[in-house]
Amino acid sequence: MNLAVRVDKREAEAVRRKLLKDGVLDHGRAILEKRGIVEIPVTRRASPHLEYIGQKNPVYRPLRLSLETVRESLKEVIGEKARHLRRWELVGDVIVVNLPLKTPKEKEKTGRLLLKFFPRAKTVVNRLGIYDTFRQPRVEVLYGGKTETLHRENKCKFKMDVTMVMFSAGNLEERRRMAFISNRDETVLDMFAGIGQFTIPMAKHSRPKKVLAIEKNPAAFRYLWENVKLNGLDNVEVRLGDCRENIPKEKVDRVLMGYIFDTRVFLPYALRALKGEGVIHYHCLVRRGMEKNEESILRRTASSLGFKATRIKRRKVKSYSPGYHHLVFDVDVER
Ligand SMILES: C[S@@+](CC[C@H](N)C(=O)[O-])C[C@H]1O[C@@H](n2cnc3c(N)ncnc32)[C@H](O)[C@@H]1O
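Residues numbered from 1 in each chain as written. Predicted model: local features only at pLDDT ≥ 70, side-chain atom pairs only at ≥ 80, totals over all residues.

Asks: Even after reading the chapter, I still don't get the sheet that holds strand β2 (residues 32-34), so can you show me in this structure?
Replies: Across the sheet, 4 strands lie side by side as β2-β3-β1-β4; this open sheet has antiparallel pairing. Bordering the open sheet on either side are β2 and β4 (51-54), each of which pairs with just one other strand. Averaged over all neighbouring strand pairs, the angle between strand axes comes to 30°, with direction disregarded. Pairing between strand β1 (residues 3-8) and β4: 4 bridges, direction antiparallel. Counted as the bridge partner of Ala 4 is Ile 53 from β4. (Pairing = 2+ DSSP bridges. Helix = DSSP H or I, 4+ residues; strand = E, 2+ residues; numbered from the N terminus. Axes fitted to C-alpha atoms, helices over the stretch in contact; angles between N-to-C directions.)

Next up, the structure:
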């Protein structure tokens, strides 16, 4: 039954607010009005003082939620702070947001409300920042408890704990691109493997001979190892440690450098790992307007080590902060 509260138009807004506060608004159906009578969809009966009906002609809302809709509802529980909501990420069954919340009450209300928009989710966390070379997030749980989750994407499974490792929804397109960029003849080196964000889809879909995945953070490494097993991959070799100290003796065809801080420091190691020719996917954080400068650094470093960058293609992965972009340069090099 499509339960709704039937109310006079003049009282509708006050009732809607009350229902929202009680957490019984059904966001999956639209509020309807006909000749001064409003039907407000709800998930259950919450008050004996309201008139409930089964809607005859419910209008289902498209599943895609707009930021505005969520902000509007959040406004009811945390006021003006709701405008700080820029996006949310759904990682497995965990909703990740970034909001300036202070009191336990605000946090709980926000968590409860967000869960209503995502019925499949179980936990809501607030990401306060990401720290150090390990890219470890600082996270507080707003609602629910379990922060280890299984995220499915691109026919791959990624197990992780969102309080321990970084998984960015904004990099989805790049993960897709990496999945199909290699081939069965290649050997690939992933210098900053994380939990396998690139390694797993590439090993699964491109089926290279081998992906050698290096990760320095023991927490991320544990998930990397688990994810290789979880996805049934037999063409991945994992190593725990600093990529600079674990460059394989065996030369490779392609190097993934999925790390954006001071990536240039690691570039000589990537070049030395390559066969006579190959490709490097070089990620970095670049101030807008400085893209050509980064390209020159790439060319100069390659040439100082006896390589030539024969082709450089640039792609924006995402906006990072005002004026800064996360870019990836696909660099073809030969000796
Ligand atoms: C943000 S994650 C990125 C994972 C994946 N490459 C991506 O782009 O989605 C970067 C990872 O690099 C690891 N890392 C940082 N410095 C490293 C180093 N010197 N050697 C190996 N791993 C390193 C961090 O621990 C972190 O897990």
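On we go.
Asks: Honestly, the nonpolar core in this entry has me stumped. Any pointers?
Replies: Side chains that are nonpolar tend, in soluble globular proteins, to be buried together. Counting 74 residues, the largest nonpolar core has Met 191, Val 255, Met 257 and Tyr 282 as its most contacted members. Here this core takes 6 residues from strand β15 (residues 274-287), the largest share from any one element. Split by domain, this core shows at least three residues from each of two domains, domain 2 (67-146) and domain 3 (166-334). Dropping the residues within four chain positions of it, Val 255 is found in contact with Leu 189, Met 191, Ala 270, Ala 273, Leu 274 and Ile 280. Ala 4, Leu 19, Val 38 and Val 42 belong to the second largest nonpolar core, which has 7 residues in total. (Core = buried A, V, L, I, M, F, W, Y, C linked by C-beta atoms within 7 Å. Buried ≥ 20, exposed ≤ 12 C-beta atoms within 10 Å, placed from the backbone. Domains from an automatic or database assignment. Contact = placed C-beta atoms within 7 Å.)

Asks: What is the right way to read the sheet that holds strand β11 (residues 187-190) from this model?
Replies: Neighbouring strands of a sheet are bound in pairs by backbone hydrogen bonds; such pairs are parallel or else antiparallel. Pairing in this open sheet of 7 strands is mixed, and the strands run β13-β12-β11-β14-β15-β17-β16 from one edge to the other. Strands at the two margins of the open sheet, each flanked by one partner only, are β13 (236-240) and β16 (308-321). Shown here is a sheet whose adjacent strand axes are inclined to one another by a mean of 15°, direction ignored. As defined by bridge partners, strand β14 (residues 252-257) adjoins β15 across 5 bridges and the pair is classed as parallel. From the neighbouring strand, Val 252 faces β15, where its bridge partner is Leu 274. Of the strands in this sheet, β12 (210-215) and β13 touch helix α6 (residues 218-230), which is tilted by about 165° from β13.

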